[in-house]
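Inside the fold
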Amino acid sequence: MKNICFALFLLVCLVMVGCQPAVVTSVKWDSGLAGDKAQTRCERVDMRSQSEMDAVFKKFDGWKVIYISEYTTGNKVGTDGVVCFERMK
């Protein structure tokens, strides 16, 4: 019986910790391109890793950043993000 109560208590604690609200921040810029002339690509970025961010931005050298979104919660270490790039075909 003690083990069941402890397991139930542990489960309740884990559920309460896992249910934290997310903090999402985003910014969008107008690129000025329209229709089939625009080529758009989006990449996930771990904003805790400068080397990963540098690799993503180097891959899209010459592209224009049109969208950035950051996501984090109170029980998550660091910030994940999405960056969208656009260029003329």
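Further up the page is the structure itself.
What comes next is a walk through the structure.

This brings us to the state of the cysteines. Scanning all chains against the criterion turns up one disulfide. Here Cys42 engages in a disulfide with Cys84; their sulfurs sit 2.0 Å apart. Of note, the bridge from Cys42 to Cys84 carries an S-S torsion of about 105 degrees and is right-handed in sense. With Cys42 in strand β2 (residues 38-46) and Cys84 in strand β4 (residues 80-88), this residue pair connects regions lying 42 residues apart in the sequence.

Let's shift gears to the nonpolar core. Core analysis: the largest hydrophobic core is formed by six residues, namely Val45, Val56, Phe60, Trp63, Val83 and Phe85. Dropping the residues within four chain positions of it, Val83 is found in contact with Arg41, Cys42, Glu43, Val45, Phe57, Val65, Tyr67 and Ile68.

The pairing of strands in a sheet comes from backbone hydrogen bonds and takes either a parallel or an antiparallel form. Read from one edge to the other, the open sheet built from four strands follows the order β1-β3-β4-β2, with strand pairing classed as antiparallel. Looking along the sheet, the strands with just one partner apiece sit at the ends: β1 (22-28) and β2. Between one strand axis and the next, the sheet turns by 15 degrees as a mean value, whatever way the strands run. Direction of pairing for β2 relative to β4: antiparallel, over a ladder of nine bridges. The partner of Val45 across the bridge, within β4, is Gly81.

Turning next to the pattern of salt bridges. The tally for this structure, following the rule as stated, stands at four salt bridges. With its nearest N and O atoms 2.9 Å apart, the salt bridge here joins Arg48 to Asp46. The partly exposed category is assigned to Arg48, whose relative accessible area is 47%. Look at Asp46 and you get buried, because its relative accessible area is 12%. Among the charged side chains, a salt-bridge network with shared partners connects Arg44, Glu52 and Asp80.

Structurally, Arg87 can be placed in strand β4. A relative accessible area of 36% places Arg87 in the partly exposed class. Separated by 56 residues in the primary sequence, Arg87 and Ser31 place their C-alpha atoms 8.5 Å from one another. With sequence-adjacent residues up to four places away left out, Arg87 is seen in contact with Leu33, Lys37, Ala38, Gln39 and Trp63.

Definitions and limits used
Residues numbered from 1 in each chain as written. Predicted model: local features only at pLDDT ≥ 70, side-chain atom pairs only at ≥ 80, totals over all residues. Heavy atoms only, no water. Disulfide = S-S within 2.5 Å. Helix = DSSP H or I, 4+ residues; strand = E, 2+ residues; numbered from the N terminus. Core = buried A, V, L, I, M, F, W, Y, C linked by side-chain atoms within 4.5 Å. Buried < 20%, exposed > 50% of the residue type's maximum accessible area, 1.4 Å probe, protein only. Contact = heavy atoms within 4.5 Å. Pairing = 2+ DSSP bridges. Axes fitted to C-alpha atoms, helices over the stretch in contact; angles between N-to-C directions. Salt bridge = Lys/Arg side-chain N within 4 Å of Asp/Glu carboxyl O.

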